[in-house]
Amino acid sequence: MKPSIILYKALPDDLKRRLEEHFTVTQVANLRPETVEQHADAFASAEGLLGSSEKVDASLLAKMPKLRAASTISVGYDTFDVDALNAKNILLMHTPTVLTETVADTIMALVLSSARRVVEVAERVKKGEWTKSIGPDWFGVDVHHKTLGIVGMGRIGLALAQRAHFGFGMPILYNARRQHQEAENRFQARYCDLDTLLKESDYVVLVLPYTQETHHLINAEKFAIMKSSAIFVNAGRGPVVDEEALIAALKNGEIHAAGLDVFEKEPLPVDSPLLTLPNVVALPHIGSATHETRYGMAACAVDNLIDALNGNVEKNCVNPQVMK
Ligand SMILES: NC(=O)C1=CN([C@@H]2O[C@H](COP(=O)(O)OP(=O)(O)OC[C@H]3O[C@@H](n4cnc5c(N)ncnc54)[C@H](O)[C@@H]3O)[C@@H](O)[C@H]2O)C=CC1
Ligand SMILES: O=C(O)C(=O)CO
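Residues numbered from 1 in each chain as written. Chains lettered and ligands numbered in written order. Predicted model: local features only at pLDDT ≥ 70, side-chain atom pairs only at ≥ 80, totals over all residues. Heavy atoms only, no water.

**Considerations on the UniProt feature "domain: D-isomer specific 2-hydroxyacid dehydrogenase catalytic" (unreviewed entry) in the protein**
- When the UniProt feature table is mapped to this numbering, "domain: D-isomer specific 2-hydroxyacid dehydrogenase catalytic" (unreviewed entry) covers residues 5-319.
- A helix fraction of 38% and a strand fraction of 14% characterise residues 5-319, whose end C-alpha atoms lie 20 Å from each other. (UniProt positions renumbered as here; feature names shortened; annotations may be inferred. Helix = DSSP H or I, 4+ residues; strand = E, 2+ residues; numbered from the N terminus.)

**Description of the side chain of Thr293**
- Tracing the backbone shows Thr293 in helix α13 (residues 291-309).
- Judged by its relative accessible area of 7%, Thr293 is buried.
- Setting aside its immediate chain neighbours within four residues, Thr293 contacts Val98, Leu99, Thr102 and Ser288. (Buried < 20%, exposed > 50% of the residue type's maximum accessible area, 1.4 Å probe, protein only. Contact = heavy atoms within 4.5 Å.)

**What to know about the nonpolar core**
- Membership of the largest hydrophobic core comes to 56 residues, with the highest contact counts inside it found for Ile107 and Met153.
- At 9 residues, the largest contribution of residues to this core is made by α13.
- Beyond its immediate chain neighbours, meaning those up to four positions away, Ile107 contacts Ile156, Leu160, Val205, Val207, Val233 and Ala235.
- Ranked by size, the runner-up nonpolar core spans 29 residues in total, among them Leu208, Phe232, Phe263 and Leu274. (Core = buried A, V, L, I, M, F, W, Y, C linked by side-chain atoms within 4.5 Å.)

**Quick look at unusual backbone geometry**
- Cis geometry marks the peptide bond from Glu266 to Pro267; its omega dihedral reads -10°.
- Within the element layout of this structure, Pro267 appears in the loop between β11 (257-260) and β12 (280-282).
- Its identity is not glycine, yet Arg117 carries a phi of approximately 55°, on the positive side.
- Assignment of secondary structure puts Arg117 in the loop between α6 (100-116) and α7 (118-126).
- You can call Arg117 buried: its relative accessible area is 18%.
- One non-glycine residue, His216, lies in the positive phi region at around 50°.
- As for its placement among the helices and strands, His216 is situated in the loop between β9 (203-206) and α11 (220-225).
- According to the relative accessible area criterion, His216 is partly exposed, its value standing at 23%.

**Focus on the sheet that holds strand β1 (residues 4-7)**
- One open sheet accounts for 5 strands, arranged β2-β1-β3-β4-β5; its pairing is parallel. Taken across any chain shown, the strands that pair with only one partner, and hence form the sheet edges, are β2 (24-27) and β5 (91-93). If you compare each strand with its neighbour and ignore which way they point, the axes differ by 20° on average.
- As paired strands, β1 and strand β3 (residues 48-51) are joined by 3 bridges and run parallel to one another. Counterpart to Ile6 in the pairing with β3 is Leu49. (Pairing = 2+ DSSP bridges. Axes fitted to C-alpha atoms, helices over the stretch in contact; angles between N-to-C directions.)

**A look at the pattern of salt bridges**
- Applying the stated criterion to the full structure yields 13 salt bridges.
- A salt bridge links Glu101 to Arg163; the nearest nitrogen and oxygen atoms lie 2.8 Å apart. You can see Glu101 sitting in helix α6 and its partner Arg163 sitting in helix α8 (residues 155-168), a full 62 residues away along the chain.
- The class of Glu101 is partly exposed, set by a relative accessible area of 42%.
- Between Lys227 and Asp202 there is a salt bridge, and its shortest N-O distance comes to 2.9 Å. Separated by 25 residues along the polypeptide, Lys227 in the loop between α11 and β10 (231-234) and Asp202 in the loop between α10 (194-200) and β9 bring together distant segments of the chain.
- Exposure remark for Lys227: the relative accessible area of 29% places this residue in the partly exposed category.
- Under the relative-accessibility criterion, Asp202 is labelled buried at 14%.
- What you see here is one network of salt bridges that share partners, running through Glu101, Asp105 and Arg163. (Salt bridge = Lys/Arg side-chain N within 4 Å of Asp/Glu carboxyl O.)

**What about the sheet that holds β10?**
- Strand order in this open sheet of 7 strands is β8-β7-β6-β9-β10-β11-β12, and the pairing throughout is parallel. A strand with exactly one partner marks an edge of an open sheet, and here the two such strands are β8 (190-191) and β12.
- Pairing between strand β7 (residues 172-175) and β8: 2 bridges, direction parallel. For Tyr174, the partnering residue across the bridge sits in β8 and is Tyr191.
- Docked against the sheet, α8 engages β6 (148-151), β7 and β9, running at close to 170° with respect to β6.
- In this fold helix α12 (residues 243-251) packs onto β10, β11 and β12, with an angle of close to 145° to the strand it touches most, β11.

The structure is reproduced here in structure tokens:
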């Protein structure tokens, strides 16, 4: 008999078929308590779980006593209580690498659009305000050859450094849990402590995972030490930044502008003060959102679940130690 799994995200037809070749699949819309209640038998018998962007915590695991592996269609796994998974020897699989280059492209788009005010001035053109040759009130600031500070020199940080170094001639500072030899050798990136990076960078880009350690890592104190001309970009996770402090820093001129793909609360509430600030480019968490990359992530997550339920954790497993 095929193992049963719960699928909580829509998949392209061919990937759904691939999943069905291996598993008996129950598709649900989300993992809310009322959904779990409605499909109680399917959750009770499921050995696998596949989807993204929903909380997977101890209370959900209590309803899934047979669960052996969860596979998220994302590289970030902050929606999972990993300790609770570990306590029950449940494998967690994720999708690194397949999205790295696409997310780095999105970050460059945020850097460029914030610096050159692309969204703001394009809106002005659409409103018919381009009636004569433009003056300084339409100007932006340069990106090329300015100093880029990357907080989180992992896979995506490295792909960003490559673009910034070769494409834009930007000197690179970085902070991470450990030094990154490849970034230093290939892109002359310089490791420094967080405060030095914040003080010296023209562009500060966060590409960090959300953990207890990174919660509100960037707060009022940190904005205060950035250059008043600094452009701040967050493409990691929203709660790494104290959003109220960010709004205050933008309003008070402590920093110049921000490009944001992630927010403390997503979707970003329509009454967020961020949406009233002309010096903010706000994107709806589109870091990896191209047709090609989202397909690649879903395919990777399907393969990951097949691998995990067959005891193969060589690739893409967050907690292979639970197999021992
Ligand atoms: N906006 C979006 O759509 C996307 C956002 N992301 C986010 O980007 C994150 C990074 O992805 P990857 O580069 O693939 O991960 P990675 O694991 O390769 O890199 C993470 C980096 O963060 C550093 N780091 C972790 N905690 C730190 C701390 N407390 N202080 C300083 N550095 C710290 C690590 O040392 C490492 O250099 C993901 O965890 C996810 O949250 C990822 C993909 C898309
Ligand atoms: O993969 C992730 O972690 C995302 O945020 C979406 O691509």
